[in-house]
Amino acid sequence: MDMKICILPGDGIGPEIIAQAEKVLKKISEKFSHNIDIEHGLIGGVAIDKTSVPLPDETIEKCKASDAVLLGAVGGPKWDNVSHEIRPEKGLLKIRKELGLFANIRPAKVFGPLKEASCLKQEIVDRGIDLVVIRELTGGIYFGEPRGIEEKQGEKLAYNTMVYTEKEIRRIAKVAFDIARVRNKKICSVDKANVLEVSRFWREVIEDEAKNYPDCELTHMYVDNAAMQLVLNPSQFDVIVTSNLFGDILSDEAAVITGSIGMLPSASLGEKNPGLFEPIHGSAPDIAGKDKANPLATILSVAMMFRYTFSLEKEADAIENAVNLVLEQGYRTGDIFTSGCTLVSCSEMGDLVCSNI
Ligand code: IPM
Ligand code: MG
């Protein structure tokens, strides 16, 4: 198959982890005889340094001309004091919006060999953690208007708006129910309907959409309780569907209970545009450039890309199996290291995954 992939390494550990993902792409293209055409683009702090904006138009064009986008991470202390409008994170938010990537899929599952790396009690982990957070990604309080910081009658104030249209809720609900259907058919919608109108409406639309999925079991949970249930009893969850802000928070929590945030991939999908695949962790400036980062979340994002964009299940499985094998062989980067294992660098981890494909 011919594939065109746009790669946006970004900042911090971004370039290191992306380099490992590129090795994996190369290996897969050889083994399965695909023709992968790779282009690179600027996003985040590096883009600010070179072009003075976090997402140059050229990058948007390159992404739109590709079948899929693979992203490292953005941000770092170097850009903490740039004006709010051009922060590196704005680049990420803008590319999501430009590509219409409203559905963010963040699976969190425990890799068998990593059970001990979880911060939860083993008896809780042993009951199994295998869930997916479906986060709405282009609406809600992240993008709602009006927003601003201003002065009114001599007092400074700031505000954001949490807003959802019926269409936005319905389309993310459909994605979540479709995914639930091919999993365990259990879906939990997370909101704050006891306080927020936007959540009451969210609940109403989700319930209405559920009528099209009588084979799926729908429950609702308030976000504070969901945060608690994720650490108390994560095995109760199959698919969680939620809004942009709640999904941002809960997906970090879901990730870390599986062992390390360095393991979790994600896919952001829209209606037709190329999907964007990225690790859910950030740019980790404290370890950037030291060849210490865990590249597995990015490598697993490549697996999601093969599965979701190209419907190439064998290629996706080959990557996931290789990751599992490397972990079984006892190789670990620092974030998932436990005694008795072999500590490896970011680039060694990339090589090990390739040699197991
Ligand atoms: C994420 C990140 C981003 C978000 C930041 C970097 C803007 O935390 O992808 O979860 O809040 O969406
Ligand atoms: Mg986040």
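Check the entry above for the structure.
### Quick word on the site of ligand 1
Taken together, Glu89, Leu92, Arg96, Arg106, Arg135, Tyr142 and Asp248 make up all the residues around ligand 1. A distance of 2.7 Å is found between an oxygen atom of ligand 1 and a side-chain nitrogen or oxygen belonging to Arg96. Arg106 has a polar side-chain atom sitting 2.9 Å from an oxygen atom of ligand 1. Relative to its free-state accessible area of 320 Å², ligand 1 is covered by the protein chains to the extent of 77%. The residue inventory of the shell around ligand 1, partitioned by class, reads two nonpolar, no polar and five charged. Lining the shell around ligand 1 are residues from two domains, each supplying at least three of them: domain 1 (1-110 + 263-357) and domain 2 (119-258).

### Considerations on the side chain of Lys62
Take Lys62: it is sitting in helix H3 (residues 57-64). Residue classification places Lys62 among the buried positions, given a relative accessible area of 18%. Not counting the four nearest positions on each side in its chain, Lys62 is found in contact with Cys6, Glu39, His40 and Gly41.

### Structural notes on the packing of aromatic side chains
Any aromatic ring pair is given by two values, namely how distant the centres are and how the planes are angled relative to each other. Within the structure shown, the criterion is met by three aromatic pairs. Seen in terms of ring centroids, Phe177 and Tyr213 are 4.7 Å apart; in terms of plane orientation they differ by 15°. Their pairing is stacked. One end of the pair, Phe177, is in helix H6 (residues 166-181); the other, Tyr213, is in the loop between helix H7 (197-210) and strand S9 (217-222), and 36 residues separate them in sequence. A ring pair is formed by Phe306 and Phe310, whose centres lie 6.2 Å apart and whose planes are at 50°; its orientation type is tilted. Looking at Phe310, the relative accessible area reads 9%, which means it is buried. The ring of Phe143 has Lys97 sitting right over it, with the charged end atom 4.6 Å from the ring centre.

### Observations concerning the packing of helix H1 (residues 14-31) against helix H12 (residues 346-355)
Contact geometry of H1 with H12 gives a least axis separation of 9 Å together with a crossing angle of 15°. Between H1 and H12, the crossing angle belongs to the class labelled roughly parallel. When the axes of H1 and H12 are compared, the crossing they make is right-handed. The residues of H12 that touch H1, namely those facing Glu16, Ile17, Gln20, Lys23, Val24 and Lys27, are Cys346, Ser347, Gly350, Asp351, Val353 and Cys354.

Criteria and cut-off values
- Residues numbered from 1 in each chain as written.
- Chains lettered and ligands numbered in written order.
- Predicted model: local features only at pLDDT ≥ 70, side-chain atom pairs only at ≥ 80, totals over all residues.
- Heavy atoms only, no water.
- Near = heavy atom within 4 Å.
- Polar contact = N/O pair within 3.5 Å; in protein donor to acceptor, adjacent residues only side chain to side chain.
- Areas by Shrake-Rupley, 256 points an atom, 1.4 Å probe, with all protein chains shown as cover.
- Nonpolar A, V, L, I, M, F, W, Y, C, P; charged D, E, K, R; others polar.
- Domains from an automatic or database assignment.
- Helix = DSSP H or I, 4+ residues; strand = E, 2+ residues; numbered from the N terminus.
- Buried < 20%, exposed > 50% of the residue type's maximum accessible area, 1.4 Å probe, protein only.
- Contact = heavy atoms within 4.5 Å.
- Phe/Tyr/Trp six-rings, centres within 6.5 Å; stacked < 30°, edge-to-face > 60°.
- Lys NZ or Arg CZ within 6 Å of the ring centre and 35° of its normal.
- Axes fitted to C-alpha atoms, helices over the stretch in contact; angles between N-to-C directions.
- Parallel < 35°, antiparallel > 145°, perpendicular 65-115°, else oblique.
- Left-handed = near helix turned anticlockwise from the far one by under 90°.

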